[in-house]
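Working through the structure, step by step
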Amino acid sequence: MRFDIITIFPEMFAGVFSAGIVGKALDKGRVEIAVHDLRDYTRDKHRQVDDRPFGGQEGMVMKPEPIFRAVEAVRRDGDSRVYLLSPQGSRFDSAAAEEMASHRQVVLICGRYEGVDERVSERLVDGEISIGDYVLSGGEPAAVVVVDAVSRFVPGVVGKAGSVRNDSFADSLLDFPQYTRPREFRGLKVPQVLFSGDHRKIARWRRKKALEKTVRARPDLLEGRANASEDEDLLEEIRNERKDQ
Ligand code: ADE
């Protein structure tokens, strides 16, 4: 799978993909990442990528021509998708990441300034993506997030088969808490059940903790969810315990 990132700040990507899982995936050739300087697709002396907005207002808007030229130059025949990163996009999530990983090439356009000429959204891209309800100073950090999250779904990138699916959100629950040595740290003890050797008991405890965390931090993930009956029992327990607190 190949990513092409179009940006006016290619230097922002120096090093960011070289370590960790994405770094390994690059070394193994499972993913390829190319960063393109949008200014290389301008045709004027000043390499201008932005201009004042029609209709007036402060700030600058990214011009359409260099963006169209850049995408047309880097897009490969066959199975490619093109996305604009902007706070106006639809929310990026695990399902979107998995879908993107099913394509051979993903082209990411990093928006900047007050916005991007609307004709880019209208005609050039397959979608507009936001990584959350906050405004970044540009799409570059969002592109890093997308490349990382999508790469994890590319076969052979994450070590143990199936472990991406066990991660949070695959099942729309937050992860259960994990502990390692030491058994006691600053008076804080690892829950006894984890030493019990009783795998069913441990699995039930983990499921309950995952549900508990989700109830507390992300109740929205549980809304409209068809819970398995075991989960319903655990949720009932959690509700009763919370009432008692
Ligand atoms: N560019 C600016 N803010 C953004 C966001 N929240 N997501 C994606 N791209 C952005």
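Residues numbered from 1 in each chain as written. Predicted model: local features only at pLDDT ≥ 70, side-chain atom pairs only at ≥ 80, totals over all residues. Heavy atoms only, no water.

In this section: the sheet that holds strand β6 (residues 105-110). Ordered in space as β2-β1-β6-β5-β8, the five strands form an open sheet in which the pairing is parallel. Each edge of the open sheet carries a strand with a single partner, namely β2 (32-37) and β8 (127-130). Pairs of neighbouring strands in the sheet enclose a mean axial angle of 30°, with direction left out of account. Pairing between strand β1 (residues 2-7) and β6: five bridges, direction parallel. (Pairing = 2+ DSSP bridges. Helix = DSSP H or I, 4+ residues; strand = E, 2+ residues; numbered from the N terminus. Axes fitted to C-alpha atoms, helices over the stretch in contact; angles between N-to-C directions.)

Here we take up the packing of aromatic side chains. This structure, assessed with the given rule, holds one aromatic pair. Their ring planes at 20° and their centres at 6.2 Å tell us that F13 and F17 sit as a pair that is stacked. Note on accessibility: F13 and F17 belong to one class, buried. Here the guanidinium or amino end of R183 rests over the ring plane of F195, the centre of that ring lying 3.6 Å away. (Phe/Tyr/Trp six-rings, centres within 6.5 Å; stacked < 30°, edge-to-face > 60°. Buried < 20%, exposed > 50% of the residue type's maximum accessible area, 1.4 Å probe, protein only. Lys NZ or Arg CZ within 6 Å of the ring centre and 35° of its normal.)

Turning next to the site of the ligand. Among the 13 residues in the neighbourhood of the ligand, the closest are listed as S86, I131, G132, Y134 and L136. Here S86 contributes a backbone N or O atom positioned 3.2 Å from a nitrogen atom of the ligand. A distance of 3.0 Å is found between a nitrogen atom of the ligand and a backbone nitrogen or oxygen belonging to L136. The fraction of the free accessible surface of the ligand (260 Å²) that becomes covered by protein chains is 97%. The element best represented in the shell around the ligand is strand β5 (residues 80-91), accounting for three residues. Partitioning the shell around the ligand into residue classes produces eight nonpolar, five polar and no charged. (Near = heavy atom within 4 Å. Polar contact = N/O pair within 3.5 Å; in protein donor to acceptor, adjacent residues only side chain to side chain. Areas by Shrake-Rupley, 256 points an atom, 1.4 Å probe, with all protein chains shown as cover. Nonpolar A, V, L, I, M, F, W, Y, C, P; charged D, E, K, R; others polar.)

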